[in-house]
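# Report on the structure
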Amino acid sequence: MRKFLTTTAIAAVMLGMGGLSANAEENVEVLHWWTAGGEAAALDVLKKDLESKGISWTDMPVAGGGGTEAMTVLRARVTAGNAPTAVQMLGFDILDWAKEGALGNLDEIAEKEGWDKVIPTALQQFSKYDGHWIAAPVNVHSTNWMWINKAALDKAGGKEPQNWDELVALLDNFKEQGITPVAHGGQAWQDATIFDAVVLSLGNDFYKKAFIDLDPEALGSDQMKEAFDRMTKLRSYVDDNFSGRDWNLASAMVIEGKAGLQFMGDWAKGEFIKAEQKPGEDFVCMRFPGTQGSVTFNSDQFAMFKVAEDKVPAQLAMASAIESPVFQSAFNVVKGSAPARTDVPDTDFDDCGKKAIKDLAEANANGTLYGSMGHGHANPASVKNAIYDVVTRQFNGDLSSEEAVTELVAAVEAAQ
Ligand code: BGC
């Protein structure tokens, strides 16, 4: 009884303040892939926020970094006529569901709260369809990062590598130290995450032409062969047990000093923070050498599915809670990402978080902000999966660099 009164009282206050709220019985069922330690800690911030507004949470976790498995489960749920309330989703997947007419409409809350003015256009491209808001962006991640064990870097002389040759020299040094130079998990999406950074390190224009424009000339160029050669080189620095390893276990290798560094999006920082590591003291975050000044981004958004009318208030309240500036700061500090709004102060963020926010704003202003191929922000799933396939086969030695270039051109063409 007391609990009921409390939630009702909170709801009454919120309504009085003009905010959206929901009844104690209201519930959201949320499908997501945030199952690693840092991810679960961030998700908890959202769950607790909603609970404080009287909205209960039905959890539908589907493990698998990058969300490939989650998207398969989602398809089955929707086909069975049983869509969840809200689904963690990336870029083009959101637009694909919108095209199918499966998503709801958040215009009422978006207009009331002025989302148009504070959510960057780069994200709005995926949060809106046909002029209507269909998803609530939670954050902005980027993929061209690396995470270095500070003690191992210090042993190697302490200099952060600024280009490819310096990176290779550092990895050789890690080898001499007797640790695994590169902590990696052999899963297609992780290989693709590295490929994002490697392609970007060969030039902004090249990244744009190859992955955003899908220009056959760029896809089939000598530069692309060079990108695959670099992948082969990086492959020589992973340990024998890398195949199938989850990304967070690779992060743990760096945290524990068993490996020198990991190439991974800034969700990896969530793992370091969860393990009580401090940037600058225990680990170093920096952009993949040669990609300073550019950002390949992806944004987690909650796509809101069409649900029964009585479930809509909870859905809108969830969207409203996600876009609150206070929540945006609290969540993203834990998650490792930057806020999805441009007006959130960076005060509570650590140095890596401050850098993420600054890099993003600068890249956006300079025209060097690109959607991540590896994380669904450059192309629809059909093209992304075609690229994944070639990248993974080449990384595992099934294709030479030359063969990979030829296959890439053909696979991308066939997938469009
Ligand atoms: C998501 C992150 C998530 C990562 C690993 C990315 O696609 O944007 O939120 O932490 O995958 O699961």
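Residues numbered from 1 in each chain as written. Predicted model: local features only at pLDDT ≥ 70, side-chain atom pairs only at ≥ 80, totals over all residues. Heavy atoms only, no water.

In protein structure, a disulfide is the covalent linkage between the sulfur atoms of two cysteines. Applying the stated criterion across every chain, the model contains one disulfide. The disulfide partner of Cys285 is Cys352, and the gap between their sulfur atoms is 2.2 Å. Across the S-S bond of Cys285 and Cys352 the torsion is about -105 degrees, and the bridge reads as left-handed. Here Cys285 is found in strand S11 (residues 283–287), whereas its partner Cys352 is found in helix H18 (residues 351–366), with 67 residues between them in sequence. (Disulfide = S-S within 2.5 Å. Helix = DSSP H or I, 4+ residues; strand = E, 2+ residues; numbered from the N terminus.)

So, on to the nonpolar core. In this structure, Phe195, Met224 and Leu261 are the most contacted members of the largest nonpolar core, which totals 73 residues. If you tally residues by element for this core, the top one is helix H10 (residues 188–200), at eight residues. Excluding anything up to four places from it in sequence, Phe195 contacts Phe211, Met224, Ala227, Phe228, Met231, Met373 and Val391. In terms of nonpolar packing, the next biggest core, distinct from the first, is built from 60 residues, Trp97, Ile134, Phe302 and Leu316 among them. (Core = buried A, V, L, I, M, F, W, Y, C linked by side-chain atoms within 4.5 Å. Buried < 20%, exposed > 50% of the residue type's maximum accessible area, 1.4 Å probe, protein only. Contact = heavy atoms within 4.5 Å.)

What follows is about helix H3 (residues 68–79). End to end, H3 covers 17 Å across twelve residues, agreeing with the expected 16 Å (1.5 Å per residue, within 8%). When H3 is considered as a whole, its buried residues turn out to be Ala70, Met71, Leu74 and Arg77. The buried residues of H3 all sit within an arc of 120 degrees when viewed along its axis, so they share a single face. For H3, the exposed residues lying more than 90 degrees away from the buried face are Thr72 and Thr79. Buried positions along H3 lie against strand S1 (27–32), strand S2 (56–61), strand S3 (86–90) and helix H4 (91–99). Phi for Gly81, located one or two positions after H3, is positive at around 75 degrees. (Expected span 1.5 Å × (residues − 1). Arc of directions from axis to C-beta.)

What the domain assignment lists for the chain is domain 1 (7–141 + 298–353) and domain 2 (145–296 + 375–415). Domain 1 and domain 2 are separated by 29 Å when their C-alpha centres are compared. Taken residue by residue, the interface counts 23 residues in domain 1 and 23 residues in domain 2. Taken together, both faces of the contact between domain 1 and domain 2 bury some 2000 Å²; the carbon and sulfur share is 59%. The interface formed by domain 1 and domain 2 includes one salt bridge. At the surface where domain 1 touches domain 2, the tally comes to eight residue pairs in polar contact (both at pLDDT 80 or more). Contributing elements (two or more residues each) for the side of domain 1 that touches domain 2: helix H2 (37–52), H4, helix H17 (325–335) and H18. A per-class count over the side of domain 1 that touches domain 2 returns seven nonpolar, eleven polar and five charged. (Domains from an automatic or database assignment. Buried area = accessible area lost by both parts, 1.4 Å probe. Salt bridge = Lys/Arg side-chain N within 4 Å of Asp/Glu carboxyl O. Polar contact = N/O pair within 3.5 Å; in protein donor to acceptor, adjacent residues only side chain to side chain. Nonpolar A, V, L, I, M, F, W, Y, C, P; charged D, E, K, R; others polar.)

Below, the discussion takes up the packing of aromatic side chains. Under the defined criterion, the tally for this structure stands at 17 aromatic pairs. Seen from their ring centres, Phe272 and Phe283 are 4.5 Å apart, and the 35 degrees between their planes marks the pair as tilted. Linking Phe272 in helix H15 (residues 268–274) with Phe283 in strand S11, this pair joins segments that are eleven residues apart in sequence. Across this residue pair, the class does not change: Phe272 and Phe283 are buried. Over the aromatic face of Trp145 sits the side chain of Arg287, whose NZ or CZ is 3.7 Å from the ring centroid. (Phe/Tyr/Trp six-rings, centres within 6.5 Å; stacked < 30°, edge-to-face > 60°. Lys NZ or Arg CZ within 6 Å of the ring centre and 35° of its normal.)

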